[in-house]
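The primary structure of each chain is shown beneath.
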Amino acid sequence: MLSGCEFFSELGPDFINVIHNSRLICKEGLVPRCIICLYYKDHSRFKHQHIRYNPLKAEWVLVSPHRAKRPWKGQVEKLPEDNIPRKDSSNPLCPGSTRSNGEVNPEYEGTFVFKNDFEALLQDGPPPEKSDDLLFQAAPAYGTCKVMCFHPWSDMTLPIMQDKEVRAVVDKWAEINQELGQKFLWVQLFENRGAMMGCSNPHPHCQVWASSFLPNELAVKDRTQKEFYDKYKKPMLVDYTEKELSKKERVVIESKHWVWLVPYWAVWPYETMLLPKRHVLRLEDLNDEERDDLCIIMKKLLSKYDNMFEISFPYSMGWHGAPTGERLKTNNDHWQLHALYYPPLLRSATVKKFMVGYEMLAQCQRDLTAEQAAEKLCNLSDVHYKTKS
């Protein structure tokens with residue numbers, strides 16, 4: 001194994017290393033590989049506008065790095081609420097609170113799952129009328145929606161929860177995906193964090209929507225990954241992860257079992273993707289060691305997000321894995337489990353990226369490059385600002 005000095009001298013002048021909290025120092029001066037982020041100093045090949053291809057969604061994104069310099073005189077958001085009461089009887093997600101349908105929450109002490117009081121998908125109902133006109137098509141849509149609370153305290157968030165508490169969340173995610181997946185073709189776990197992302201209740205929680213149909217995003221991903229697998233005999237995201245680990249341009253955190261990176265084709269300013277190193281189809285397929293490691297890397301990545309502006313960083317996130325339901329009986333080896341994080345903030349805690357105009361009518365556009373975003377995230381501490389002494 002190389003010493004710290006030997007390690008970096010072999011890299012040559014084209015690389016820059018980012019080490020946090022003096023973690024280069026350890027016994028015998030060795031460099032632990034999993035806590036080093038490496039980036040090319042020279043991103044000049046991406047300093048001008050260009051388009052990048054997203055093979056997962058079969059679409060292009062316009063990258064305009066020069067636009068980051070433009071002055072901003074548009075809408076400024078309110079700072080996220082910081083003084084959230086630990087328990088508020090008027091908050092329908094708190095233990096002991098009465099929800100809008102009259103049901104009273106138990107005095108739960110860990111995770112708590114209940115049926116959404118305002119479901120977007122119901123398990124019964126009459127099918128729509130059939131139409132022979134291709135311009136007016138409708139199809140049945142059945143499902144169920146649930147809410148999952150991560151913790152009984154409203155002022156708690158995932159990055160500052162204890163490891164065992166985060167592990168309980170991961171285990172419950174896997175349990176829900178497996179349970180609902182027995183009946184429904186797709187199970188979408190997602191978290192909207194912060195009022196900026198439409199979260200109406202300040203309490204650590206996520207939602208689960210299970211459906212009898214494959215939603216649009218996933219239908220496209222199913223097709224593109226299958227086409228890639230059939231052509232190259234390897235899952236697209238397994239191949240992609242290996243290449244990103246080799247390039248070291250957009251990797252933010254690498255652990256024993258997981259990789260957190262900014263996708264080459266990212267759209268949102270600090271969009272990231274979390275991937276297992278092993279080929280894994282669904283959450284329930286993760287082993288104990290991978291689940292423990294997932295808890296650690298999630299806490300680190302969310303701490304980096306929060307440390308950027310020292311706020312509870314807003315985002316929408318969710319898990320994508322192989323379809324379920326009737327697809328449990330078929331081969332889905334083209335799929336690879338991954339989580340996606342879509343944060344809207346761009347310049348500051350109060351200025352967000354707007355997906356309007358060109359993005360709605362033509363194609364997605366971003367200002368800073370994925371490499372610039374990765375470098376900024378890598379430079380941030382993975383120790384949450386609220387836990388620093």
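This text goes with the structure placed above it.
Residues numbered from 1 in each chain as written. Predicted model: local features only at pLDDT ≥ 70, side-chain atom pairs only at ≥ 80, totals over all residues. Heavy atoms only, no water.

**Topic: the environment of histidine 257**
Note that histidine 257 resides in the loop between β9 (251–254) and β10 (258–261). The buried category is assigned to histidine 257, whose relative accessible area is 16%. Along the primary structure histidine 257 and proline 276 are separated by 19 residues, whereas in three dimensions their C-alpha atoms are 5.8 Å apart. For histidine 257, the contacting residues outside a window of four places in its chain are Leu275, Pro276, Lys277, Glu289, Glu290 and Asp293. (Helix = DSSP H or I, 4+ residues; strand = E, 2+ residues; numbered from the N terminus. Buried < 20%, exposed > 50% of the residue type's maximum accessible area, 1.4 Å probe, protein only. Contact = heavy atoms within 4.5 Å.)

**Digging into the packing of helix α2 (residues 163–181) against helix α5 (residues 288–309)**
Two quantities define a packed helix pair, namely the angle between the axes and the distance from one axis to the other. Closest axis-to-axis distance for the α2/α5 pair is 9 Å, and the angle between their directions is 120 degrees. Relative to α5, α2 is oriented oblique. Between α2 and α5 the crossing geometry is right-handed. Of the residues in α5, those touching α2 at Asp163, Val166, Arg167, Val170, Asp171, Trp173 and Ala174 are Asp288, Arg291, Asp292, Leu294, Cys295, Met298 and Lys299. In the contact of α2 with α5, the residues fall into seven nonpolar, no polar and seven charged. (Axes fitted to C-alpha atoms, helices over the stretch in contact; angles between N-to-C directions. Parallel < 35°, antiparallel > 145°, perpendicular 65-115°, else oblique. Left-handed = near helix turned anticlockwise from the far one by under 90°. Nonpolar A, V, L, I, M, F, W, Y, C, P; charged D, E, K, R; others polar.)

**Considerations on the pattern of salt bridges**
Summed over all chains, the structure comprises 30 salt bridges. Here arginine 99 and glutamate 103 are joined by a salt bridge, their closest N and O atoms 3.0 Å apart. Since its relative accessible area comes to 6%, arginine 99 is described here as buried. Put simply, glutamate 227 and arginine 223 hold a salt bridge, and the shortest N to O gap is 3.6 Å. (Salt bridge = Lys/Arg side-chain N within 4 Å of Asp/Glu carboxyl O.)

**Focus on the sheet that holds strand β5 (residues 112–115)**
Overall, antiparallel pairing links the nine strands, which are arranged β5-β6-β8-β7-β12-β13-β11-β10-β9 in an open sheet. Pairing within the sheet leaves two strands with one partner each, and these edge strands are β5 and β9. Geometrically, the sheet is characterised by an average inter-axis angle of 20 degrees between neighbouring strands, direction not taken into account. As paired strands, β9 and β10 are joined by three bridges and run antiparallel to one another. Residue pairing for β10: isoleucine 253 is matched across the bridge by tryptophan 260. The strands touched by α2 within the sheet are β5, β6 (143–149), β7 (186–193), β8 (205–211) and β12 (315–320), with β6 carrying the most contacts at an inclination of about 170 degrees. (Pairing = 2+ DSSP bridges.)

**Description of unusual backbone geometry**
Phi at lysine 248 takes a positive value of approximately 60 degrees, unusual for a residue other than glycine. Within the secondary structure layout, lysine 248 lies in the loop between α4 (236–247) and β9. Of note, glutamate 310 is a non-glycine position whose phi angle comes to about 55 degrees, a positive value. Tracing the chain through its elements places glutamate 310 in the loop between α5 and β12.

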